[in-house]
Amino acid sequence: MDLFSRSWTALRTAVADVPDEDFERLSGCTGWLVRDLVCHLVIGAQDVLITLVTPADSEPTVDAVTYWGIVELPTGEDPLDALIPRLAAAYGEPRLLKFHFDDVGSAAGRAAQLADPAARVSTRDEVLTVGDSLSAYVLEWTMHHLDLIAHLPSAAEPPAETLASVRATLEKIAGNPFPASFSDTDALLVGTGRRSPTDAEKAALGEFTARLPLVIG
């Protein structure tokens, strides 16, 4: 729960600090501008709110780690992926998109703080505790924070503790640790295909290289 708040607060602050002109820059998400990514985050905040008010009575089927899995590399043909840039463009001005994100994002943050971590909720046809649900979002918020600042060198990075947590989650999903020589950020960027490994990194990764990138969904 604490890591959710830290990662979400850091991401919301980073979005608020992005100059308007940088909303037209590329993000770390292939094919998406910064504005498209922020629009996606609005939907993510809505998903948090929806999940928290979707109670479940049955036993949990997944936890914060098993909620995620390795999926096929996106082709860009998913209807929602294609819709995001059109929605983002419809805002017209970055300040309007910032306002909506701050509004919905603040609500999601408050709802998370008020929720019972032990309560069970349902999302994506799975059941998990509120605590695990919010913990799962730490991966998404941290990776998208890295996507947000990919081409904004002066922007603040995600908190160190959330980077370390997400690295540990990614290693559990993969069933394989990253070399100790990798920083947490490099492990996440290389591991998820957001950056190609250098020759030295490939040597350190060994056979693990052939399993990369890990596309998480």
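Description of the structure in this document. Fair warning: this is a prediction, and the values are worked out from it, not measured in the lab.

Reading the values: the criteria
Residues numbered from 1 in each chain as written. Predicted model: local features only at pLDDT ≥ 70, side-chain atom pairs only at ≥ 80, totals over all residues. Heavy atoms only, no water. Helix = DSSP H or I, 4+ residues; strand = E, 2+ residues; numbered from the N terminus. Core = buried A, V, L, I, M, F, W, Y, C linked by side-chain atoms within 4.5 Å. Buried < 20%, exposed > 50% of the residue type's maximum accessible area, 1.4 Å probe, protein only. Contact = heavy atoms within 4.5 Å. Salt bridge = Lys/Arg side-chain N within 4 Å of Asp/Glu carboxyl O.

Regarding unusual backbone geometry
Keep in mind that most residues, glycine aside, have a negative phi and that most peptide bonds are trans.
For step 1, the next point in the chain: Of note, the amide linkage connecting L212 to P213 takes the cis form, showing an omega dihedral of 5°.
For step 2, the next point in the chain: On the secondary structure map, P213 appears in the segment after α8 (199–205).
For step 3, the next point in the chain: For R124, which is not glycine, the phi torsion reads 55° and is therefore positive.
For step 4, the next point in the chain: The topology assignment puts R124 in the loop between β1 (120–123) and β2 (126–129).

Quick word on the nonpolar core
Nonpolar side chains in soluble globular proteins tend to end up buried together.
For step 1, the next point in the chain: Grouped together as the largest cluster of nonpolar side chains are 60 residues, with contacts concentrated most on F4, W8, V38, V48, W141, L148 and F178.
For step 2, the next point in the chain: Those elements giving two or more residues to this core turn out to be α1 (2–17), α2 (34–52), α3 (79–90), α4 (94–114), α5 (130–148), α6 (160–174) and α7 (184–191).
For step 3, the next point in the chain: Each residue touching L148, except ones within four places of it in the same chain, is listed here: L11, A14, V15, V18, V34, L37 and V38.

So, the side chain of E171
For step 1, the next point in the chain: As for its placement among the helices and strands, E171 is situated in helix α6.
For step 2, the next point in the chain: Since its relative accessible area comes to 19%, E171 is described here as buried.
For step 3, the next point in the chain: Leaving out residues up to four positions away in the same chain, E171 has contacts with N176, P177 and F178.

A few points about the pattern of salt bridges
For step 1, the next point in the chain: Taken as a whole, this structure holds 14 salt bridges when the rule is applied.
For step 2, the next point in the chain: Among the salt bridges present, the one from R167 reaches E171, with a minimum N-O distance of 3.3 Å. Here R167 pairs with E171, and both are found in helix α6, just four residues apart, close to one helical turn. Just as R167 is buried, E171 falls in that class too.

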